[in-house]
Amino acid sequence: MTKILPNLMTPFVLLSLLLGTAGLTATHFLAVKFQEKAVTQQLNEAANKANLQIDSELDKFKQIPDLLSHDPRLLSYFDQSSQSDRMTTTQLNKLLFEWSNQSQADTIYIHNPSGTVVASSNYQKAQTFVGENFSFRPYFASAIKGNNTQYVALGARSNVRGYFLSSPLYIAKEVVGVITVKVSLENLENILTSDDFEIIVLDSNQVVFLSSQIHWLYHSLLPLSQQQQQDIVLQRQYGQSQISTIEAFRSSSVAKEVNEANQSNGIPANQVQKHLTANQLFKLGNFNLYPTEISHNQYQVIALKETNAEILKVLQIDIIFVVIYSLVVLIAWSWRQTYVAKVALTRLNQNLEQAVDKRTQYLKQSNQQLQQTIFQYQESQLKLKQTEQELTHTAKLAVLGELSASINHEINQPLAALRTYSENSVKLLEMGRSDLVKSNLDKMIALNASITKIITRLKVFTRKVTKQQHHKANLHQAINNATTILSTLMIKHGITLRLSTVPNDINIAIHPTELEQVLVNLIHNAIQALQQQCLEQETLKEQQALGHQTALNLHQLASPQIGVEWQLQNGTCRLIIWDNGIGITDDKLEQLFDPFFTTKPEGLGLGLSISKRIIEAYHGTIRATQRAPSGMLFSLDIPLYKKRANA
């Protein structure tokens, strides 16, 4: 750990931290100012919009009391001089009811000079104002003095918020009563609803009488003075004895913040709790607060918005700055590391160039030696292939050398017969026996054809193999040619050939001459293995002919046999060559296909090795096993020949 810290505290890291701290501080400050400006603008627009909406809604009713106060029918009720045209109380109630319906006001009612309601538009309702005395209400006290008055309060009987508009009734310039129009404020809250802001409306005592938050109604934004509390109780403005401060704004720092803001605008300290400074952003509790100018209708609209959203936006800006600055630092660090690495690489390249020059000279020499070695290797491979072909051909000739006696006998017999028939034909011609001469000639032609067939078969067997891409050998023809070559030798030694019938339509993927060579090698080895058994049988026959008693009867010795069988399975052809000779021991079975391994004194030891190489070159396999009760069994698996698609 102690080693890591010094590595981290590099000048680059320290400078990055210093710049990052300064940048984050500046970014945070600017973000806060920007958010304050944006929130101020948003709240200003929202507050002014709400103020205009409320003013517009209330202005519909503002002129009603003044207009109605001049109606002769209404004034006739208070005119004592004209008894005949004087409106009765019933007529006055009906008139007020009509006016209320036409103006959509909540209630219109008339006070006498003492404040008692003498007529009301709600005269038919259970909670009618008729007979009630509202002299304690400020709107009556001001109107009876000749002033047009507006006032906000809860209805003393209906307990419904209302905006009261009052005007005095004059007869001969004397105030004889007061007319009051009550406008319900319940519908005004619908136009104040907003998803982004809270709108509250305060009366002259800073008490909330309109708000989308119900629990804020009839509570003050700031603590009220004792005089204000007493006035509200005497006027029964909100039907409760004590007005408490809204919990969200109940903070020891709130009054101080508002006091400082008001004093900075030249407002005396004793008026701090009267109203909030208009058109200025306040931070009260968890809210940003923006009040408008006090309306001519004696209320003040305030727009509020929680500070959490602004704080979150500022934090997002801080995080974005940290992320971007981190990326810039990483890019700078990467560039610095790249530059350092480039410098180190340049130095390394300079050192390597010298080493490369030396190494290049050495590689040129090595490359020349390698090319020479490859050329020698290719020549060796070519010679090896030629040697392998020569060795395969030599193996054929070796087999024919061993068969030369039988082949000579097979050819000499027809030649001797030809000589006899020739001499006999000369004598018959002298005797004029042309019919017998013709018979002799036919026999001579047949003997000549037999010799030609033997020589042709040997020429085919001894010819060299030409390598091609695809080879096809007919199984019937290959087995027939191989057994024909060795037939004389098998007959000579009294060997029985057990040959399964092979159809003419079985073709396997191997060169026909090489297949014949493998078959000749295997069958010839079987013949040699059976020679000892044949000698033992002949010895036994001679002893029995002389009358000697032998331990074995002639019938107990199995007659020498060689078998050739075949099977087709899974796209391959299996050839089986077996004999019932003396076989070989288990310890020599594993070496059977090794080059130059032989159990015969005069053998070369190449037949089985070459046979294995031929079969495996055509993707086949060859196996040797002992056969019960005696002899050997060779199994060859060779793929069947498949016609090409374009063939």
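Residues numbered from 1 in each chain as written. Predicted model: local features only at pLDDT ≥ 70, side-chain atom pairs only at ≥ 80, totals over all residues. Heavy atoms only, no water.

Per an unreviewed UniProt entry, the chain is named histidine kinase, and its organism is Vibrio toranzoniae. Regarding the chain, the UniProt comment filed under Catalytic activity (unreviewed entry) reads as follows: "ATP + protein L-histidine = ADP + protein N-phospho-L-histidine." (UniProt positions renumbered as here; feature names shortened; annotations may be inferred.)

(A) Quick look at the sheet that holds strand E8 (residues 282-284). The sheet built from 5 strands is open, its strands ordered E7-E6-E10-E9-E8 with antiparallel pairing. The open sheet terminates on both sides in strands that have one partner only, identified here as strand E7 (208-211) and E8. Going across the sheet, the axis of each strand differs from the next one's by a mean of 30°, ignoring polarity. As defined by bridge partners, strand E6 (residues 198-202) adjoins E7 across 3 bridges and the pair is classed as antiparallel. Residue pairing in the sheet places Leu 202 in a bridge with Val 208 of E7. Its contacts with the sheet put helix H2 (residues 11-62) on E6, E7, E8, strand E9 (287-291) and strand E10 (300-306), and the angle it makes with E10 is roughly 140°. (Pairing = 2+ DSSP bridges. Helix = DSSP H or I, 4+ residues; strand = E, 2+ residues; numbered from the N terminus. Axes fitted to C-alpha atoms, helices over the stretch in contact; angles between N-to-C directions. Contact = heavy atoms within 4.5 Å.)

(B) Representation of the environment of Ser 425 within the structure. In this structure, Ser 425 sits in helix H10 (residues 404-431). Residue class for Ser 425 comes out buried when judged on its relative accessible area of 7%. Through-space distance from the C-alpha of Ser 425 to that of Leu 441 is 8.0 Å; in sequence the pair is 16 residues apart. (Buried < 20%, exposed > 50% of the residue type's maximum accessible area, 1.4 Å probe, protein only.)

(C) Representation of the nonpolar core within the structure. By size, the foremost hydrophobic cluster in this structure holds 67 residues, and its most contacted members are Ile 54, Ile 110 and Tyr 238. Top contributing element to this core by residue count: H2, with 8 residues. With residues near it in sequence (within four places) discarded, Tyr 238 still touches Val 152, Ala 153, Leu 154, Asp 203, Val 207, Phe 209, Tyr 218, Ile 232 and Ile 243. Judged by nonpolar contacts, the second largest core, of 43 residues, contains Ile 479, Leu 519, Ile 523 and Phe 593. (Core = buried A, V, L, I, M, F, W, Y, C linked by side-chain atoms within 4.5 Å.)

(D) Quick look at the UniProt feature "transmembrane region" (unreviewed entry) in the chain. Under the present numbering, the feature "transmembrane region" (unreviewed entry) in UniProt falls on residues 314-335. Between the end C-alpha atoms of residues 314-335 there is a gap of 31 Å, over a span that is 100% helix and 0% strand.

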